[in-house]
Amino acid sequence: MQLGNIDLLKLQTKFMLGDKTTQGFCAALTPQLQGIAGIIKNCMLLARVQELPEAVLDALAHELLVDWYDATADISIKRELIKNSDKVHMYMGTPYSVEQVVQDYFGDGYVEEWFQYDGEPFHFRVVTSNSSATSELAERFTKAIEKVKRKSTVLDQVIVEMAAELPIYYGNVLHIGDVYTVEQVV
């Protein structure tokens with residue numbers, strides 16, 4: 001049964017179908033319920049984040065206190081930031097929250113902590129394979145990282161890993177010959 005197509009009179013028993021009061025109530029309430037069903041989908045914002053227009057996403061980010069949200073970002077990035085905002089809030093100040101924001105902005109990436117790369121204590125770096133990390137998105141990204149990381153930690157660098165399949169050619173040379181030494185006799 002779909003709420004938009006509901007008919008209360010069809011839900012009544014045979015005994016109630018003959019009652020004039022029931023028929024009147026059903027005739028009055030059916031259009032009201034159908035109207036409510038038409039607008040109830042507007043209440044489910046987070047479930048429909050992929051369908052929402054950009055202006056609603058901006059307002060929703062303000063409402064949900066998504067401090068790392070960038071209003072000038074691409075709409076797909078905005079949707080990911082809002083969709084994962086609860087997880088980031090839950091783990092705020094941990095490497096997981098930083099990693100989640102990295103993945104929301106760049107699509108992939110991870111955090112390496114100082115002890116994983118012999119850095120200074122309480123430092124970390126971000127590794128991603130998205131080449132857009134070097135453009136102006138990188139500036140917005142570092143501002144977002146400052147909002148979710150622990151204040152005592154320091155972002156050392158953002159590393160962009162590039163991988164490609166390249167043909168490798170091997171060559172060998174074998175030279176066989178005799179060596180003659182010619183000397184002048186005086």
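Rules and cut-offs
- Residues numbered from 1 in each chain as written.
- Predicted model: local features only at pLDDT ≥ 70, side-chain atom pairs only at ≥ 80, totals over all residues.
- Heavy atoms only, no water.
- Helix = DSSP H or I, 4+ residues; strand = E, 2+ residues; numbered from the N terminus.
- Rg over C-alpha atoms; globule rule 2.2 N^0.38 Å.
- Contact = heavy atoms within 4.5 Å.
- Areas by Shrake-Rupley, 256 points an atom, 1.4 Å probe, with all protein chains shown as cover.
- Buried < 20%, exposed > 50% of the residue type's maximum accessible area, 1.4 Å probe, protein only.
- Arc of directions from axis to C-beta.
- Pairing = 2+ DSSP bridges.
- Axes fitted to C-alpha atoms, helices over the stretch in contact; angles between N-to-C directions.
- Core = buried A, V, L, I, M, F, W, Y, C linked by side-chain atoms within 4.5 Å.
- Phe/Tyr/Trp six-rings, centres within 6.5 Å; stacked < 30°, edge-to-face > 60°.
- Lys NZ or Arg CZ within 6 Å of the ring centre and 35° of its normal.
- Parallel < 35°, antiparallel > 145°, perpendicular 65-115°, else oblique.
- Left-handed = near helix turned anticlockwise from the far one by under 90°.
- Nonpolar A, V, L, I, M, F, W, Y, C, P; charged D, E, K, R; others polar.

**Q** Hey, could you go over the overall build of the protein chain for me, with residue numbers and the actual values?
**A** The secondary structure content of the protein chain amounts to seven helices and three strands. Reading the helices (α) and strands (β) of the protein chain from amino to carboxyl end gives α-α-α-α-α-α-β-β-α-β. Radius of gyration (C-alpha) of the protein chain: 32 Å, far over the 16 Å computed for a compact globule of 186 residues. In terms of principal-axis extent, the alpha carbons of the protein chain reach across some 140 × 45 × 30 Å. Contacts spanning at least 24 positions in sequence make up 50% of the contacts within the protein chain whose residues lie at least 6 apart. Counting only carbon and sulfur atoms, one obtains 57% of the accessible surface of the protein chain, whose full area is about 13400 Å².

**Q** Which residues make up helix α7 (residues 136–148), and what are the values?
**A** Within α7 the residues assigned to the buried category are Leu137, Ala138, Phe141, Ala144, Ile145 and Val148. Taken around the axis of α7, the buried residues stretch over an arc of 120°, which confines them to a single face. Set apart from the buried face of α7 by more than 90 degrees, the exposed residues are Glu136, Glu139 and Lys143.

**Q** Before we move on, could you go through the sheet that holds strand β2 (residues 123–128) and cite the residues and values that matter?
**A** Strands sit in the order β1-β2-β3 across an open sheet of three strands; the sheet is mixed. Edge positions in the open sheet fall to β1 (110–113) and β3 (154–160), since each of these has one partner strand only. In this sheet, adjacent strand axes meet at a mean angle of 25° when their direction is disregarded. With respect to the sheet, helix α6 (residues 95–106) is in contact with β1 and β2, its orientation differing from that of β1 by roughly 145°.

**Q** Residues and numbers for the nonpolar core, please.
**A** A general feature of soluble globular proteins is that nonpolar side chains tend to end up buried together. Ranked by size, the top nonpolar core spans 27 residues in total, and within it Trp68, Val101, Tyr105 and Ile145 carry the most contacts. Those elements giving two or more residues to this core turn out to be α3 (54–63), α4 (75–83), α6, β2 and α7. Not counting residues within four places of it along the chain, the set of residues in contact with Ile145 comprises Val98, Val101, Val102, Phe124 and Leu155.

**Q** Lay out unusual backbone geometry with the relevant residues and their values.
**A** Positive phi, normally seen in glycine, also occurs at Leu65, with a value near 60°. Topologically, Leu65 is positioned in the loop between α3 and α4. You will see that Phe122, though not glycine, has its phi angle at about 70°, which is positive. Relative to the elements of secondary structure, Phe122 occurs in the loop between β1 and β2.

**Q** For the packing of aromatic side chains, give the residues involved together with the corresponding values.
**A** According to the stated counting rule, one finds four aromatic pairs in the structure shown. When the centroid spacing of 5.0 Å and the interplanar angle of 70° are considered together, the rings of Tyr91 and Tyr96 count as edge-to-face. Between Trp114 and Phe115 the ring centres are 5.7 Å apart and the planes differ by 85°, which places this aromatic pair in the edge-to-face class. Members of the aromatic cluster, each reached through a chain of ring pairs, are Tyr105, Phe106 and Phe141. Residue placement shows Arg125 over the ring face of Tyr117; its charged tip is 4.1 Å from the ring centre.

**Q** Lay out the packing of α6 against α7 with the relevant residues and their values.
**A** Where α6 meets α7, the closest approach of the two axes is 10 Å, and the angle between their N-to-C directions is 155°. Taken together, α6 and α7 sit at an angle that is classed as roughly antiparallel. In the crossing of α6 with α7, the sense of the turn from one axis to the other is right-handed. Of the residues in α7, those in contact with Ser97, Val98, Val101, Val102, Tyr105 and Phe106 of α6 are Leu137, Phe141, Ala144, Ile145 and Val148. Residues of the contact of α6 with α7, tallied by class, amount to ten nonpolar, one polar and no charged.

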